[in-house]
Amino acid sequence: MSADVTKVDQAGEPVAGRTEGEATATPSGPPVGGAAPRREGGLAGFLSGPAGRNAGLVLALLLLIVVGIITAGDRFASPENALTILRLGSVIGVVSVGMTFVISGGGIDLSVGAIVALSSVWATTVATQTMAANYHWIVLVFAALVVGAVCGLVNGVLIAYGRMAPFIATLAMLAAARGLAEIIAKRRTQIIRERGFIDFFGGSVLGIPVLVIMFAIVAVVGWVLLNRTTFGRRTLAIGGNPEAARLAGIRVQRQTMYLYILLGVACGIAAVMIMARTTTGTSTHGTLYELDAIAAVVIGGTLLSGGRGTIVGTVLGVLIFTTLTNVFTLNNLDTSTQAVAKGAIIVAAVLLQQRVSRTRSG
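Computed from a predicted structure; not experimentally measured.

J.: What is the right way to read the overall build of the protein chain from this model?
T.: When its secondary structure is counted, the protein chain shows 16 helices and four strands. Relative to its full complement of 362 residues, the protein chain shows a buried share of 51%. Here the contacts in the protein chain between residues at least 6 apart in sequence split such that 77% fall between residues at least 24 apart. For the protein chain, the exposed area adds up to about 16100 Å²; of that, 67% sits on carbon and sulfur atoms.

Set out below in structure tokens:
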């Protein structure tokens, strides 16, 4: 059987034409894992599909925008505030795109925030900045990407070949990377002195911040990779049923390692972005990014159990949370209230996923 042949989605439903981020059925024979359940029709079927899920997210985002306009008026509705929302969401958005691949592949990563911090610290050390001054500021970018990729590689090797549980392996990386960042920076904030780096990434193109453009590029590349390549089909197949994927000829261990490296590179990109936004590198960067990224991915419709992922949903999830934070900030609501609201949204999203999954499989 070809390695390109993947299975059905998490509910076991064969799909005639693959929708975004869902595994496909084999071209002949019944779907892997048993007979297909009945397909929902009408409104229920639409809402349980990718288009319905995305429509629900768009509606939620629009409702938040209306609330923001009502409660904060012109302060929220101004173009400057819209760019602020996009700029703030761009960094965690890049991490969330990478997290979508890992979760779609049946994994999880709790170390993304620490990897962002370590990447930013390593890229802003005196030695790295001296090298950048002697050659080009691209050295800072290269250092951040390499550190992120190496951390992802370590996670991937421990999980894929060391057979460690993703939760444990990435929890260990969280502690180790954050601690190493503190040691390197000596718990101090490192200032970026390369003006070329700051001017480039802190600038804008046609009024759109470069950080927002970077997020858009990463999202588009992620969508193509997940939905239009063999890499994406293998990822979804592994997330849905690793054993079936192995029997189909997919090298599960290697693919799993690649997923964590991909997320590590995304963390490196996010580190470059936060360095440009704050002009610093510090061990406190990326705090709680792992929770925000997982929340955005889950809200977007990616199954925590793997086998289904959606980049469009993840982008909408990031925008929802960023807009929610902006509305709360403009209305002078404390961070504790924001945390409660985010927690309620996450619980509601997971419960909705479970309900839809039971409906499609029952």
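J.: Explain helix α11 (residues 230-240) here, please?
T.: Listed as buried for α11 are F231, G232, T235, L236, A237, I238 and G239. Close packing links the buried residues of α11 with α4 (79-104), α10 (210-227), α12 (242-247) and α13 (252-278).

J.: Even after reading the chapter, I still don't get the packing of aromatic side chains, so can you show me in this structure?
T.: The way to describe two aromatic rings as a pair is by their centre distance and the angle between their planes. Counting across every chain of the model gives six aromatic pairs. Note on W137 and F197: the rings are 6.2 Å apart at their centroids and 75 degrees apart in plane angle, and the pair reads as edge-to-face. Within this pair, whereas W137 is found in the loop between α6 (126-134) and α7 (138-160), its partner F197 is found in helix α9 (residues 195-201), the two being separated by 60 residues in sequence. Taken together, the aromatic side chains of W137, F197, F200 and F201 make up a single cluster linked through ring pairs.

J.: Is there a simple way to explain the environment of C267 in this structure?
T.: With respect to the element layout, C267 can be found in helix α13. Distance from C267 to V112, taken between C-alpha atoms, is 6.3 Å for residues 155 residues apart in sequence. Not counting residues up to four positions away in its chain, the partners in contact with C267 are V112, I115 and V116.

J.: Sorry, what's going on with the side chain of Q129 here?
T.: Looking at the secondary structure, you find Q129 in helix α6. Look at Q129 and you get buried, because its relative accessible area is 8%.

J.: Hey, could you run me through the environment of K342 in this one?
T.: Among the secondary structure elements, K342 is positioned in helix α16 (residues 335-361). C-alpha separation for the pair K342 and A295, spaced 47 residues apart in sequence, amounts to 8.2 Å. With near-sequence residues (within four places) excluded, K342 lies in contact with D292, F321, L324 and T325.

J.: Any chance you could explain the pattern of salt bridges here in plain terms?
T.: Opposite charge on two side chains permits them to pair, given that their charged atoms come into close proximity. In total, this model carries three salt bridges according to the counting rule given. Linking E182 and R187 is a salt bridge whose minimum nitrogen-to-oxygen distance equals 3.2 Å. The partly exposed category is assigned to E182, whose relative accessible area is 24%. We classify R187 as exposed; its relative accessible area is 67%.

J.: Teacher, can you tell me more about a nonpolar patch on the surface here?
T.: The grouping of F142, V146, V150, V154, L158, M164, F167, I168 and L171 at the surface amounts to a nonpolar patch, some 750 Å² of accessible area in total. Every element with two or more residues in the nonpolar patch is listed here: α7 and α8 (166-185). Counting residues per element, the nonpolar patch draws most heavily on α7, at five residues. Overall, M164 belongs to the partly exposed group, its relative accessible area being 30%.

J.: Explanation requested: the state of the cysteines in the structure shown.
T.: Simply put, the disulfide is a covalent bond whose two ends are the sulfur atoms of two cysteines. In total, this model carries zero disulfides according to the counting rule given. No disulfide involves C151; its sulfur sits 8.4 Å from the nearest other cysteine sulfur, which is in C267. By relative accessible area, C267 is classed as buried at 0%.

J.: Would you take a moment to explain unusual backbone geometry for this structure?
T.: Outside of glycine, negative phi angles account for most residues, and trans bonds account for most peptide bonds. Of note in this structure, K186 is not a glycine but carries a positive phi near 55 degrees. Its place among the elements puts K186 in the loop between α8 and β1 (190-191). The backbone phi angle of T279 is positive, close to 55 degrees, even though this residue is not glycine. With respect to the secondary-structure elements, T279 resides in the loop between α13 and β4 (280-281). Residue classification places T279 among the partly exposed positions, given a relative accessible area of 26%.

J.: In this structure, what is going on with the environment of Q255? I would like to understand it.
T.: For Q255, the location among the structural elements is in helix α13. With a relative accessible area of 5%, Q255 lands in the buried category. Linking Q255 and F231, residues 24 residues apart in sequence, is a C-alpha distance of 8.1 Å.

J.: Looking at this model, I keep getting lost on the nonpolar core. Mind explaining?
T.: The nonpolar side chains of soluble globular proteins are, as a tendency, buried together. The biggest cluster of nonpolar side chains holds 79 residues, and the ones touching the most others in it are V95, M99, V116, F197, F201 and Y289. Here this core takes twelve residues from α13, the largest share from any one element. When neighbours within four sequence positions are excluded, V95 is seen to be in contact with V112, V116, L263, A270, Y289 and A293.

J.: Explain the side chain of N326 here, please?
T.: Looking at where N326 falls in the secondary structure, it is placed in helix α15 (residues 311-330). Assessed through its relative accessible area of 9%, N326 is described here as buried. In contact with N326, not counting residues within four places along its chain, are F76, N81 and I85.

J.: I tried to follow α4 on my own but got confused; where do I start?
T.: Count 3.6 residues to each turn of an α-helix, and residues three or four apart come out pointing the same way. Taking 1.5 Å of rise per residue, 26 residues should cover 38 Å, and α4 covers 35 Å from first to last C-alpha, within 8% of that figure. If you look at α4, its biggest bend is around 40 degrees, right at S90. Positioned one or two residues after α4, G106 has a phi angle of 90 degrees, which is positive.

Each value, and the rule that gives it
- Counting restarts for each chain, with residues numbered from 1 along the sequence as it is written.
- Given that this is a predicted model, residues contribute local features only at a pLDDT of at least 70 and side-chain atom pairs are listed and counted only at 80 or more, while totals for whole chains, interfaces and linings are drawn from all residues.
- With hydrogens and water stripped out, all remaining heavy atoms of the structure feed into the side-chain values.
- The secondary structure listing takes helices from DSSP runs of H or I that are at least 4 residues long and strands from runs of E that are at least 2 residues long, numbered from the N terminus.
- Between buried and exposed lies partly exposed: a residue is buried under 20% and exposed over 50% of the maximum accessible area for its type, with that area taken using a 1.4 Å probe on protein chains only.
- By definition in these notes, contact holds between two residues if any of their heavy atoms fall within 4.5 Å.
- Throughout, the Shrake-Rupley method with a 1.4 Å probe supplies accessible areas, and for residues the shown protein chains are the sole cover considered.
- Stacked, tilted and edge-to-face pairs are distinguished by plane angle, under 30 degrees for stacked and over 60 for edge-to-face with tilted covering the rest, among Phe, Tyr and Trp rings (Trp via its six-membered ring) whose centres lie within 6.5 Å.
- The working definition used for a salt bridge is a side-chain nitrogen of Lys or Arg within 4 Å of a carboxyl oxygen of Asp or Glu.
- Distance thresholds for patches are 9 Å for like charges and 5 Å for nonpolar side chains (Val, Leu, Ile, Met, Phe, Trp, Tyr), applied to residues having over 30% relative accessible area and no salt bridge.
- To count as a disulfide, a pair of cysteine sulfur atoms needs to be within 2.5 Å.
- As used in this record, nonpolar core signifies buried Ala, Val, Leu, Ile, Met, Phe, Trp, Tyr and Cys residues forming a set joined through side-chain atoms within 4.5 Å.
- For a helix, the expected span equals 1.5 Å multiplied by the residue count minus one.
- The angle between axes fitted to the seven residues ending at a residue and the seven residues starting there is what we call the bend at that residue.

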